[in-house]
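Topology and contacts: notes
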Amino acid sequence: MSGENHIIMDEIAIKRALTRIAHEILERNKGIDNCVLAGIKTRGIYLAERLAHRLESIEGKEIPWAELDVTAYRDDRTDDDQARKEVSFAVPVQGKKVILLDDVLYTGRTIRSAMDAIMHCGRPESIQLAVLADRGHRELPIRPDYVGKNVPTSKSEEIEVLLIEADGLDEVRIVQNRGGEA
């Protein structure tokens, strides 16, 4: 990898951010009743699992969570809607408060895809968004409800999230763009 890396969150900062987000979710929703977590594939899944454990340790009860693969709902797909008909979500969303989790919020297109996928599975009471890092540069009017860290970036930079489950360490860093626009 060329260019410089600048670490903006280490393992302790990530843990603190998730704990703070857990408390904010509890405060806003007056507990976790009627809430479900949806982790956007790939790293959002690990964040959802971690957040579920934090919420359980605070509230003393489990919160349902599942992974959400939004590939079939991306606006850059050119195939037909057949794949959309086959998408399912492992927990019911009808009438629930769905809290989407993703590692980095950038243009907002992945989140729009996630909202479409959730709506395909049922009509939730609400959809909330939690992200570990918000880097700005939105292309759609999407704003997170819970943010681990706001990280203003230039378009020549990327936010890279490394998590133990996928990468062997917990770290969030700014890296120089590795090949054109991100």
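Everything numeric here is computed off the predicted structure, so don't read it as measured data.

**As for the nonpolar core**
Generally speaking, a soluble globular protein has its nonpolar side chains buried in company with each other. Ranked by internal contacts, the top residues of the largest apolar core, which has 31 residues, are Leu 37, Leu 55 and Ile 159. Where this core is concerned, the elements lending two or more residues are β1 (5–9), α1 (11–29), β2 (35–40), α2 (43–59), β4 (97–105), β5 (126–134), β7 (157–162) and β8 (171–176). Once residues lying within four places of it in the same chain are set aside, the contact partners of Ile 159 are Ile 8, Val 104, Ala 133, Arg 135, Val 151, Thr 153, Val 172, Arg 173 and Ile 174. By size, the runner-up hydrophobic cluster in this structure holds 22 residues, among which are Val 36, Ala 66, Ala 72 and Ala 114.

**Observations regarding the environment of Leu 101**
Of note, Leu 101 is situated in strand β4. Between the C-alpha atom of Leu 101 and that of Thr 42, which follows or precedes it by 59 residues, the distance is 10 Å. Excluding its chain neighbours within four sequence positions, the residues that come into contact with Leu 101 are Leu 37, Ala 38, Gly 39, Ile 40, Gly 44, Leu 47, Ala 48, Leu 51 and Ala 130.

**Considering helix α4 (residues 109–121)**
Spanning 13 residues, α4 covers 19 Å between terminal C-alpha atoms, matching the ideal 18 Å at 1.5 Å per step. The secondary structure elements touched by the buried residues of α4 are β2, β3 (65–68), β4 and β5.

**Comments concerning the UniProt feature "short sequence motif: PRPP-binding" (unreviewed entry) in the protein**
When the UniProt feature table is mapped onto this chain numbering, "short sequence motif: PRPP-binding" (unreviewed entry) sits at residues 98–110. As a span, residues 98–110 carries 15% helix and 62% strand, and end to end its C-alpha atoms are 16 Å apart.

**Observations regarding the sheet that holds β7**
On the basis of which strands lie adjacent, the open sheet formed by three strands has the order β1-β8-β7 and antiparallel pairing. Where the open sheet ends on each side, the last strands, each with one partner, are β1 and β7. On average, each strand axis in the sheet is tilted by 30° relative to the strand beside it, whichever way the strands run. Where β1 and β8 come together, four bridges link them in antiparallel fashion. Each bridged residue has a counterpart across the sheet, and for Met 9 the counterpart in β8 is Val 172. Along the sheet face, α1 touches β1 and β8 and points at about 40° away from the line of β1.

What counts, and at which threshold
Residues numbered from 1 in each chain as written. Predicted model: local features only at pLDDT ≥ 70, side-chain atom pairs only at ≥ 80, totals over all residues. Heavy atoms only, no water. Core = buried A, V, L, I, M, F, W, Y, C linked by side-chain atoms within 4.5 Å. Buried < 20%, exposed > 50% of the residue type's maximum accessible area, 1.4 Å probe, protein only. Helix = DSSP H or I, 4+ residues; strand = E, 2+ residues; numbered from the N terminus. Contact = heavy atoms within 4.5 Å. Expected span 1.5 Å × (residues − 1). UniProt positions renumbered as here; feature names shortened; annotations may be inferred. Pairing = 2+ DSSP bridges. Axes fitted to C-alpha atoms, helices over the stretch in contact; angles between N-to-C directions.

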